[in-house]
Amino acid sequence: MKSRTFAPLRGALCSALLALPQLSAAFYLPGVAPTSYELGERVPLNVNSIKPVAAQDALLHSIISYDYYNEEFRFCQPEGGPSYVSESLGSILFGDRIMSSPFELYMLKNETECKKLCTSKYDQSSAHFVNKRIMQGYALNWLVDGLPAGQHLYDDLTGTTFYSPGFAMGTISTTDPEGPTFFNNHYDIFVEYHKVNGKEDQLRVVGVIVQPGSRAYKGDELTCNDAQTPPVVLVEEEGKETEVTFTYNVYWVESPTPWATRWDKYLHVFDPKIHWFSLVNSAVVVIFLTVTVTSVLFRALKKDIARYNRLDQINLEDLSGTSALEDGVQEDSGWKLVHGDVFRTPSHPLLLSVFLGNGAQLFVMTGFTICFALLGFLSPSNRGSLGTIILFLYTLLSFVGGYVSARVYKSMNGEKWKLNIGLTPLLVPSIVFSTFFFLNLFLWANGAAGAVPFTTMLVIIGIWFVVSVPISVAGSWLGFRAAPVEPPVRTNQIPRQIPPATTYLKPIPSMLLVGILPFGAIFVELYFIMSSIWFSKIYYMFGFLFLCYGLMIITCAAVTVLMVYFLLCAENYHWQWRSFLAAGMSAGYIFANALIYLISKLALGGLSGTVLYIGYSALLSFLFFILTGSIGFFSSWWFVQKIYKSIKID
């Protein structure tokens, strides 16, 4: 359709040019702007992209979504063709493609007789396409007054009922897994409404349930309410066509649920006892390890500093010529021996400073986003608000990235300040954008609805270079004008030789040991996040996420500081890159966990799905690597500054 490209462009341009309206939309609070309908007023039913969910074998067989009006599906279209509903930039990036539909819903007007939409014919190619999507567990996604149409499910573990967004496109025979697939062409739509203060002219939609069915009608006889009607089977034989008539019924059901809490029935936690147990168990273990590490570290440091300051007051020349004390001082000095090298400029300071600037930017952005979501500013009814606020905050916080990168680079005595200013807003975003563009090519090739339009890509590039880069340059300018972080001790001209390290202090073993603890703080919540992303579920447990984020920061800082302490005691003063890489290694565990998830929970048969999954997982792991690496470096920098300020150096 011709309008397919231009409609997302309008939504993207509105998001980019009208920043304030989009920002106000992102801060939408549930219950602020309800829509009331009068008796007989039309209630719009919009359709979204068709997305895969778990099939009957509980595995996900695809991660590619399709437009609802993809020509292979041959769903009924409204008169004059469907039109795109205005969307935010975040909604487009997350794969939403909301369009109008031919369904006619009028407030409190029941349609108990079969209402015909249209009749479509499926040849061999389209029948094979639809049957394959049914076997892969694809689901239709409708929206009525912003609420997703779903199915009414019962959770045996909790004994509660809830609404699961989306409903099956078709079913597979339960008696014969190798048998035919049944295509759902009839929909019983149950719309729950609530009267505001009992007034008939203020009716609000508070729930939508769709019960799909398969009905093979004979001629013009519509027997959708007859349970004996045989199901629709799309024939995949060459030269044959299957004629399918689409019908629906509408039933309005009064509900006591107020509009402000209508989303509660959609937000369901599967097996909450295990979720709570795992989360509390992880929190207790992480806190215990952190407290243990911190107490041991501070006791050792207090003892070291007291010994060093006491030895500095002893005049070794007054001793009776014995060298036992001198040998003892030399042997017990530990990290004090490298005081003349510990603040030596590391290798590749430019690259390290650029990574640290972007890490600080991600750290602040993630914190603000979680806090906004925790306080309820990001409502699920405002689709794409999470993506929009992430993009907005990342752009605005480019100032933080530029300032931190410049300040760190200046403190490391860097001389290529122009290159630092340019690389800070370009290097990491270029890696992210290039990977995203490459993966988007696979979506374009498969005709997926999640493929970001080229015009939207141009809008993102415009925001990047017109807004983000100048803000980052301004931050870098202030960072280079600020005073550098002065080391508390002088650096020797000749580097000290580093003795051979023990096994656990070598780069690879130390990275593996340090990286596993921050991963342990978040792996439970990571499982729920991944399930929400790949299985098209609604994630709303931001309170748990906030707790896990705080635990991860504490753990990451504590174990990295401990590693740096042991490193300095072993007379190895190359702590800058080691702290960054060791803390960032938790991203390696996240990527490994994603691969395990791919094997255990997904069954992606095609190359495109596997490449997309691994590519997006690698992209998220890279950003997490920058984030946790920066946390480890800055905590170690603060620690090194503190301990060398506490001792007397001649």
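In case you missed it, the structure is sitting above this.
So, here is what we can say about the structure in this document.

Quick notes on the rules
- Residues numbered from 1 in each chain as written.
- Predicted model: local features only at pLDDT ≥ 70, side-chain atom pairs only at ≥ 80, totals over all residues.
- Heavy atoms only, no water.
- Buried < 20%, exposed > 50% of the residue type's maximum accessible area, 1.4 Å probe, protein only.
- Helix = DSSP H or I, 4+ residues; strand = E, 2+ residues; numbered from the N terminus.
- Contact = heavy atoms within 4.5 Å.
- Disulfide = S-S within 2.5 Å.
- Patch = residues over 30% accessible without salt bridge, like charges linked within 9 Å, V, L, I, M, F, W, Y side chains within 5 Å.
- Areas by Shrake-Rupley, 256 points an atom, 1.4 Å probe, with all protein chains shown as cover.
- Salt bridge = Lys/Arg side-chain N within 4 Å of Asp/Glu carboxyl O.
- Phe/Tyr/Trp six-rings, centres within 6.5 Å; stacked < 30°, edge-to-face > 60°.
- Lys NZ or Arg CZ within 6 Å of the ring centre and 35° of its normal.
- Expected span 1.5 Å × (residues − 1).
- Lys, Arg positive; Asp, Glu negative; His and termini not counted.
- Polar contact = N/O pair within 3.5 Å; in protein donor to acceptor, adjacent residues only side chain to side chain.
- Pairing = 2+ DSSP bridges.

Once that is clear, we can look at helix α15 (residues 575-584). Within α15, 9 of the 10 residues are buried, leaving the element largely enclosed by the surrounding structure. Taken as a whole, α15 has its buried residues at Trp575, Gln576, Trp577, Arg578, Ser579, Phe580, Ala582, Ala583 and Gly584. Where α15 is buried, its residues contact α7 (349-374), α13 (507-534), α14 (542-569), α16 (586-601) and α17 (607-645).

Two cysteines form a disulfide when their sulfur atoms are joined by a covalent bond. Following the criterion strictly, the structure yields 1 disulfide and no others. Across the disulfide from Cys76 sits Cys118; the S-S distance is 1.8 Å. On the sign convention where negative means left-handed, the S-S torsion of about -90 degrees between Cys76 and Cys118 marks this disulfide as left-handed. Of this pair, Cys76 sits in the loop between β3 (51-52) and α3 (89-93) while Cys118 sits in strand β5 (residues 111-122); the two residues are 42 residues apart in sequence, bridging distant segments of the chain. Taking relative accessible area as the criterion, Cys76 reaches 7% and is therefore assigned buried.

What follows concerns a nonpolar patch on the surface. On the surface, Phe438, Leu441, Trp444, Phe454 and Leu458 cluster together into a nonpolar patch covering about 490 Å² of accessible area. For the nonpolar patch, the secondary structure elements donating two or more residues are α11 (427-445) and α12 (454-481). Tallying contributions element by element places α11 first for the nonpolar patch, with 3 residues.

You will see that Asp145, though not glycine, has its phi angle at about 55 degrees, which is positive. You can see Asp145 is positioned in the loop between β7 (142-144) and β8 (147-148). Residue Asp145 is classed as buried on the basis of its relative accessible area of 15%. You will see that Asn413, though not glycine, has its phi angle at about 60 degrees, which is positive. Tracing the backbone shows Asn413 in the loop between α9 (398-411) and α10 (417-423).

Quick look at the packing of aromatic side chains now. What the rule picks out here adds up to 44 aromatic pairs. With 6.2 Å between their ring centres and 35 degrees between their planes, Phe519 and Phe523 make a pair best called tilted. Residue Phe519 and its partner Phe523 are located together in helix α13, separated by 4 residues, close to a single helical turn. The residue whose ring lies beneath Arg133 is Phe129, and the NZ or CZ to ring-centre distance is 4.5 Å. Residue placement shows Lys537 over the ring face of Phe535; its charged tip is 5.8 Å from the ring centre.

A word on the environment of Ser65. Structurally, Ser65 is set in the loop between β3 and α3. Along the backbone, Ser65 and Tyr138 are 73 residues apart, and their C-alpha atoms lie at a distance of 8.5 Å. In this structure, Ser65 is in contact with Ser49, Ile50, Lys51, Pro52, Ala448, Ala449 and Gly450, ignoring residues within four places of it in sequence.

We now examine α14. For α14, built from 28 residues, the straight-helix expectation of 40 Å at 1.5 Å per residue is met to within 8% by its first-to-last C-alpha distance of 40 Å. The buried count for α14 comes to 20 of 28 residues, which makes it a mostly enclosed element. The positive-phi residue at the C-terminal boundary of α14 is Glu571, with phi of around 65 degrees.

Moving on: the side chain of Arg578. Residue placement: Arg578 occurs in helix α15. Salt bridges are absent for the buried Arg578, whose nearest opposite-charge side chain, Glu571, sits at 14 Å. Engagement of the side chain of Arg578 in a polar contact is seen with the side chain of Ser510, the distance being 3.1 Å. Arg578 has contacts with Leu505, Lys506, Pro507, Ser510, Met563, Leu567 and Asn572, leaving out every residue within four places of it along the chain.

Here 8 bridges tie β5 to strand β16 (residues 242-254), and the two strands are oriented antiparallel to one another. Counterpart to Lys116 in the pairing with β16 is Thr247. In terms of strand pairing, strand β14 (residues 186-195) meets β16 through 8 bridges, oriented parallel. Its bridge partner lying in β16, His186 is registered against Thr247.

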